[in-house]
Protein chains: 2
Amino acid sequence: MSQDTESSKDPLILFMPSGKRGRFPLGTPLIDAARELGVYVESVCGGRGICGRCQIEVQEGQFAKHGITSSNAHISELGPKEIRYAELRELRDGRRLSCSSTVQGDLVIDIPQDLQINAQVVRKADDGRIIARNPAVHLCYVEVPEPDMHQPLGDLDRLKIVLAKEWGWDNLDVDPKIFAVVQSILEKGDWSVTAVIHEEVEGGRAIITGIYPGLKNEAYGIACDIGSTTIAMHLVSLLSGMTLASSGASNPQIRFGEDLMSRVSYVMMNPDGREAMTDAVRATLNELIGNVCKDAEIDREDIHNLVFVGNPVMHHLFLGIDPTPLGGAPFALAVSSAVHIYARDLDLNANEGAQVYILPCIAGHVGADAAAVALCEGPHRQDNMMLVVDVGTNAEIILGNRERVVAASSPTGPAFEGAEISCGQRAAPGAIERVRIDKDTLEPKIRIIGVEKWSDEEGFDEEAKAIGITGVCGSAIIEVVAEMYLTGIISEDGVVDGSLSAKSDRIIEDGRTHAYVLWRGDVELVIKQTDIRAIQLAKSALYAGIKLLMEKRGIEQVDSISFAGAFGTFIDPKYAMVLGLIPDCDLTKVKAVGNAAGTGAKMTLLNRSYRREIEELVQNIEKIETALEPKFQEHFVNAMAMPNKIDAFPNLGKIVDLPEKSATPSSGRRRRRARSQ
Amino acid sequence: MSQDTESSKDPLILFMPSGKRGRFPLGTPLIDAARELGVYVESVCGGRGICGRCQIEVQEGQFAKHGITSSNAHISELGPKEIRYAELRELRDGRRLSCSSTVQGDLVIDIPQDLQINAQVVRKADDGRIIARNPAVHLCYVEVPEPDMHQPLGDLDRLKIVLAKEWGWDNLDVDPKIFAVVQSILEKGDWSVTAVIHEEVEGGRAIITGIYPGLKNEAYGIACDIGSTTIAMHLVSLLSGMTLASSGASNPQIRFGEDLMSRVSYVMMNPDGREAMTDAVRATLNELIGNVCKDAEIDREDIHNLVFVGNPVMHHLFLGIDPTPLGGAPFALAVSSAVHIYARDLDLNANEGAQVYILPCIAGHVGADAAAVALCEGPHRQDNMMLVVDVGTNAEIILGNRERVVAASSPTGPAFEGAEISCGQRAAPGAIERVRIDKDTLEPKIRIIGVEKWSDEEGFDEEAKAIGITGVCGSAIIEVVAEMYLTGIISEDGVVDGSLSAKSDRIIEDGRTHAYVLWRGDVELVIKQTDIRAIQLAKSALYAGIKLLMEKRGIEQVDSISFAGAFGTFIDPKYAMVLGLIPDCDLTKVKAVGNAAGTGAKMTLLNRSYRREIEELVQNIEKIETALEPKFQEHFVNAMAMPNKIDAFPNLGKIVDLPEKSATPSSGRRRRRARSQ
């Protein structure tokens, strides 16, 4: 590149959409110009004009702002390589191969965003997030010199030499599995092969993990979240960054134990329990890999990189590690840092040399899934104070900003998922998902999954009858308890007001307590005092954990709240706040972020620099073990009330009419202050 | 260390036998003083006084030459660690632990050469060679902090941190197999473990390949030469350098084919042939590992490093690579450079994390065994011009000095091993191994394997009868043909002089040719004209290869000749020269070097810097493919005569009476010169 001065006679090249520009001598290949300016142009074939990944387009016209007149006359004429490529594959009108065309005058060059053909620099995740593409897997096409008796180097050795010479890979390691196949692949490719090179850390150790005969123009990856209940998998093109297929399955370990603790117990009680659960989850993963490959019509042999996240017990069982120590204090992880391992060593069926990356675990209760959530939401990339909550059987809580991030796990139990609730059920057609209670009549209206209408709308009864109303799902339990509180059916302490039975027949006696009949139909769905208690326990555990982190971080207010996971997707933030699951916050800054763990996994799959980012973050996160914090118990007790007796909810107060409190938040704060003096 | 000046008041410490010296402040631990001076003192426990490997002895007395008065009063008194060690294990009188004793005055310190206890710096190989000890395997004892909920790092992560802190291992990689066992081993060792760390290249990538509970004070290695006929294995202590056991076995691949080419053919003809031979050799290696472990009474789980050498076909079959391309031009190796691989990936039963190193192959006919021979003999370390010959079915020839080394393989065929000879047999009791023929009577005298006496000595007949004379072994075939030439029974062209049948009844008719009856007894052993031809073909192939290398190297004379392998051990160099197997040389500089391939393997096992040395040498060796050299055929024809028609043998002429030649060597040279003009 020459100096971009007025006096320079070299043509000016402007690359769009990045706007990067520079002057280059006549005859410079455009791919060289792009790379010199740091414009990412993919190439698998090393400039031989056969992979077609380096396509560009010339924009014609006057670009007054830049002082350029760009024209197809300013680029070299279609050369033999491009003509051959156009014949063999397809070169759309106006498209050129940047490796085979040269600068002949000022040019404005467009890097097409047409992903299927030309790998682009950035890729949007499902939620619109931008993921810059920088995978650990590289495809490098080379022509290997034939054997020479005067220089009797091995086939593999000559391959390594040409990879060093043409692609700059020095000191390549080799997967020993390659030894036995290198001859036949070279022969099949007539001495031309595409090497798959895995470089985990940029400039670090690089390994030849595979070889294909001839040109190989595709490589795929897997991003997978191994949840205790559900396993979600995505198939991603490592060259285009596109998600090509997704699939999910129940975690087969459920048959050994519904929740984490019962699975740990199963291992403790059964000598082969760990192995059985390891085998089960790996078998399901292999099935899922088969499913996504079938959907995308690709060969599983073309999968070269797999990223997994999961909570610590899932993480250990997947790796074949005994999770028993995670079942009790000190909740010791066997391995906490990121794991690099061959997929074959985990019995996963993908390319023979495929590499697995597993994100680091944060602590004994805060796993690689939480790390992925943290990476995805990125409190450490922000000035704002961000609270990230992922609710499952445990709630993982991450709080912080650029300066410092703290994390903990709160033992919420499974109430939020509908377990431990008498009329609770998983989210499925026929489950009540929305509830409103009239303040005057105490009559409810509901919505069920599978029917668009509310129960007071015309036609609801017929549609509901067809599906059958069966129970209350997790998100609706939050709503019904919150509505009961807002309508005075329960007190701030969660006690059903039996005196209201005079006013409404929905308030009924239930042993020594009272209950609320939410639905009367083929089934009767009753919210019992014990159900309310279960929700109170769960929400106060969550809130106590959040409060603890806020204190550790020295703040009284968060700027934003991200609800990760399925639970966050379905609950209404307003009701979460009414119940006091989360602290007061501008409701417009409370958002459900979906499967943030899966997105985090995908980020590290597509861009290895995210791996370094999360590894560093996890090292620096301050881990809080709630069980060790004396304050946790105190917060827990004070958070039982609704919203709670710890904090005020000014933002919430602007939206809903909160009942008057017996002990005001301010008095709660006074009490604590008094005690700490 | 303080400056060693007159004014310094610090005590002077002199280490023997190295003679390294320096002044150190009072109270300096002696292990620190030793290390600062570069005196190698082993330690597994990191100075905790429990491994006992850092033992030293104080020499008492006046050392006038060094100006030191050394005394046990100048070392700290026996401390609690040493007393505990002496109680638990044994601390011989006068021995001290250098990690636990300090400088209290001038000292002369002896590093005991008592190998069993204190690893020494250097080790003599079986042939008296010195091998400096610098293995790729390190044992590091550490006490790992217990799990801490406030710092919830994984067990493995805390282990890595303490290995970095106490032993300086940064960025340790981990064998993924460790994940599943780290918890239980830490528990078993009560948080104290010995890590096995494999560092192939000094300062390069280091991997935790194993963990033992508590202190582990031993680590072993295997050096093995996989010959086409015989496999020879040695078990070596990586800490002391001692060879503890050796074992050998026939190569089980013999049942698939006697020689290399027939095994390659077997693979070509049988779809499962490669796999069958790979499985067979690996099974035998596992048996041999069992044997040497049993002999040395060690556990095979304590073997952490294995080095293998072998010719290219053995190398490929061992690695599971199809050797077919080695069967014909261009004799292409799949892998030529050194191989690093887990032993488990080769189905070898040793420690789970044991690492295999295989020396590089030089060319398609010149394997890792030849590389080991080159490393052992070290022409590249000398100023003298050294010829190294390893005779098997092929002869590997290496020639050169510090400046440049050339190598080739000559197709001698199996005649030297007794095959293709009518009365030939392998070396075994009852085989004729020495022959002398009386010049006047043409009567032979012989010696057989298993009997000390010559056949003309009293008592030979009885002893020989007990064993039974069965055939002629390879080394004796050389002798008998050479003696036949020296006594005029055969001409310089190898033709049996039938007219001598008038003089001796040992000259008999044999079809159109004549033969010599070497032995008459229960069996009649006859040297036929075809036997002599077979030896002539073999020896001329060898000589032609040597001559080619001498020309490539531009020399007419070699300074020394090393005969590697079993063949070299048994033949008499004089007769080898009479027959013209080797060029003229001072006979005192011709030596048999035994299993140089095995010694070379052992060198790389004990000292990884030899690995780098041979890798570099192999890259720089000039490889000559005899099949491609027009001169080879010419030399081959001219070398058929005895000694040959190429060179003169002035050194040989001083020792034996060579018969007159029909065409003198000088005329032979003239001929060639005339042709090349």
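Each value, and the rule that gives it
Residues numbered from 1 in each chain as written. Chains lettered and ligands numbered in written order. Predicted model: local features only at pLDDT ≥ 70, side-chain atom pairs only at ≥ 80, totals over all residues. Heavy atoms only, no water. Phe/Tyr/Trp six-rings, centres within 6.5 Å; stacked < 30°, edge-to-face > 60°. Helix = DSSP H or I, 4+ residues; strand = E, 2+ residues; numbered from the N terminus. Buried < 20%, exposed > 50% of the residue type's maximum accessible area, 1.4 Å probe, protein only. Lys NZ or Arg CZ within 6 Å of the ring centre and 35° of its normal. Least-squares fit on C-alpha atoms with pLDDT ≥ 70 in both. Pairing = 2+ DSSP bridges. Axes fitted to C-alpha atoms, helices over the stretch in contact; angles between N-to-C directions. Contact = heavy atoms within 4.5 Å. Salt bridge = Lys/Arg side-chain N within 4 Å of Asp/Glu carboxyl O. Buried area = accessible area lost by both parts, 1.4 Å probe. Polar contact = N/O pair within 3.5 Å; in protein donor to acceptor, adjacent residues only side chain to side chain. 1 Å grid on protein atoms, 1.4 Å probe; cavity = no way out; pocket = protein on both sides within 12 Å on 5 of 7 lines; lining within 4 Å. Points joined across faces, edges and corners; volume = space filled by probe spheres on them. Nonpolar A, V, L, I, M, F, W, Y, C, P; charged D, E, K, R; others polar. Left-handed = near helix turned anticlockwise from the far one by under 90°. Domains from an automatic or database assignment. Lys, Arg positive; Asp, Glu negative; His and termini not counted.

**Looking at the packing of aromatic side chains**
For any pair of aromatic rings, the description consists of the separation of the ring centres together with the inter-plane angle of the planes. One pass over the full model with this rule turns up eight aromatic pairs over all chains. Ring geometry for F632 of chain B and F636 of chain B: centres 6.3 Å apart, planes at 25 degrees, overall stacked. Here F632 of chain B and its partner F636 of chain B are both found in helix α16 (residues 630–638), four residues apart, which amounts to about one turn of the helix. Judged by relative accessible area, F636 of chain B falls into the buried class, the value being 17%. Lying over the aromatic face of Y342 of chain A, R344 of chain A brings its terminal NZ or CZ to 4.1 Å of the ring centre.

**A look at the relation of the copies chain A and chain B**
Take chain A, turn it by 180 degrees, move it 0.0 Å along the axis, and it overlays chain B with an RMSD of 0.2 Å. Seen this way, the second copy is the image of the first under a two-fold rotation axis. For chain A, the residue whose C-alpha comes nearest the rotation axis is R205 of chain A, separated from it by 4.5 Å.

**Here's the deal with the sheet that holds strand β32 (residues 622–624) of chain B**
Residues and elements named next belong to chain B. Read across the sheet, six strands follow the order β31-β30-β20-β21-β22-β32 without closing on themselves; strand pairing throughout is mixed. Where the open sheet ends on each side, the last strands, each with one partner, are β31 (590–594) and β32. This sheet shows a mean twist of 20 degrees between the axes of neighbouring strands, independent of strand direction. Bridging between strand β22 (residues 405–410) and β32 involves three bridges; their strand directions are parallel. Looking at β32, one finds that A408 is bridged to I624. Where helix α11 (residues 529–553) meets the sheet, it contacts β20 (386–391), β21 (395–400), β22 and β32, and its direction lies at approximately 25 degrees from that of β21.

**Concerning unusual backbone geometry**
Residue P330 of chain A is bonded to the preceding A329 of chain A through a cis peptide linkage, with omega at 5 degrees. On the secondary structure map, P330 of chain A appears in the loop between α7 (312–319) and β18 (339–342). Cis rather than trans, the peptide bond between M642 of chain B and P643 of chain B has omega equal to -20 degrees. Mapped onto the elements, P643 of chain B comes out in the loop between α16 and α17 (650–653).

**What about the pattern of salt bridges?**
If you walk through the whole model with that rule in mind, you get 66 salt bridges over all chains. Two residues, K453 of chain B and E463 of chain B, come together in a salt bridge whose shortest N-O distance is 2.5 Å. In this pair, K453 of chain B sits in the loop between β25 (444–448) and α9 (460–467) while E463 of chain B sits in helix α9, placing the two residues ten residues apart along the sequence. K453 of chain B gets classed as partly exposed once you look at its relative accessible area, which sits at 26%. Salt bridges here are not isolated pairs; linked through shared partners, they connect E200, R611, R612 and E615 of chain A.

**A look at the sheet that holds strand β25 (residues 471–472) of chain A**
All names here are of chain A. Judged by pairing direction, the sheet is mixed, and its three strands sit side by side in the order β24-β23-β25 without closing on themselves. In the strand order of this sheet, the two ends are held by β24 (444–448) and β25, each with one partner. Across the sheet, helix α10 (residues 474–486) lies against β23 (431–437) and β25, angled at about 15 degrees from β23, the strand it touches most.

**Observations concerning the pairing of strand β15 (residues 230–237) of chain B**
It is a general feature of regular strands that their side chains alternate between the two faces of the sheet. Residue and element names in this part refer to chain B. Most of β15 sits inside the fold, with six of its eight residues counted as buried. In this antiparallel pair of consecutive strands, strand β14 (residues 220–226) and β15, the connection spans three residues. For β15 and strand β16 (residues 243–250), the ladder comprises seven bridges, and the chain directions are antiparallel. Paired with T230 across the bridge in β16 is S250. The turn linking β15 back onto β16 is made up of five residues, and G241 within it adopts a positive phi angle of 85 degrees.

**Some words on the interface of chain A and chain B**
Listed by partner, the interface residues are 39 residues for chain A and 39 residues for chain B. Both sides of the chain A and chain B interface together cover about 3,300 Å² of buried area, and 62% of this is carbon and sulfur. Summed over the three residues of chain A that lose the most area to chain B, namely M149, F179 and Q183 of chain A, the buried surface amounts to 22% of that side. Applying the counting criterion to the chain A and chain B interface returns zero salt bridges. Where chain A touches chain B, the interface holds 14 residue pairs in polar contact (both at pLDDT 80 or more). When contributions to the side of chain A that touches chain B are tallied by element, the ones reaching two or more residues are α3 (155–167), α4 (182–188), α7 and β18 of chain A. Examining the composition of the side of chain A that touches chain B, we find that three residues originate from one element, α3 of chain A, more than from any other.

**Details of empty space enclosed by the protein**
Here the structure, examined in full by the defined rule, presents four cavities of 30 Å³ or more. In this structure, the largest cavity encloses a volume near 130 Å³. Forming the boundary of the largest cavity are 19 residues, of which A363, G364 and E625 of chain A together with M149 and P152 of chain B lie nearest the centre. Of all elements in the fold, only β22 (405–410) and β31 (622–624) of chain A reach the threshold of two or more residues within the lining of the largest cavity. Broken down by element, the residue count for the lining of the largest cavity peaks at three residues, all from β22 of chain A. Per-class residue counts for the lining of the largest cavity are 13 nonpolar, three polar and three charged.

**Re the packing of helix α5 (residues 260–269) of chain A against α7 of chain A**
Residue and element names in this part refer to chain A. Interaxial distance between α5 and α7 falls to 10 Å at its minimum, and their mutual angle equals 35 degrees. As α5 packs across α7, the resulting crossing turns out to be left-handed. Residues L260, R263, V264 and V267 of α5 touch α7, and the partners they reach there are V313, M314 and L317.

**Let's talk about the domain arrangement of chain A**
Along its sequence, chain A is carved into domain 1 (12–115), domain 2 (137–213), domain 3 (221–364), domain 4 (371–414 + 534–676) and domain 5 (423–527). The centre of domain 2 of chain A, based on its C-alpha atoms, is set 50 Å off from the matching centre of domain 4 of chain A.

**Observations regarding the pairing of β24 of chain A**
All names here are of chain A. Here β24 shows a buried face lined by P444, I446 and I448 and an unburied face lined by K445 and R447. Alignment of β23 against β24, held across five bridges, turns out to be antiparallel. Bridging from a neighbouring strand, R434 pairs with R447 of β24. If you look at the hairpin formed by β23 and β24, you'll find six residues sitting between the two strands, and L442 has a positive phi there, around 65 degrees.

**Concerning the side chain of D225 of chain B**
Residues and elements named next belong to chain B. Considering the arrangement of structural elements, one finds D225 in strand β14. For the buried D225, no salt bridge exists, and the shortest N-O distance to an oppositely charged side chain is 11 Å, to R263. Not counting residues up to four positions away in its chain, the partners in contact with D225 are T230, I231, A232, V309, G310, D369, N595, A597 and G598.

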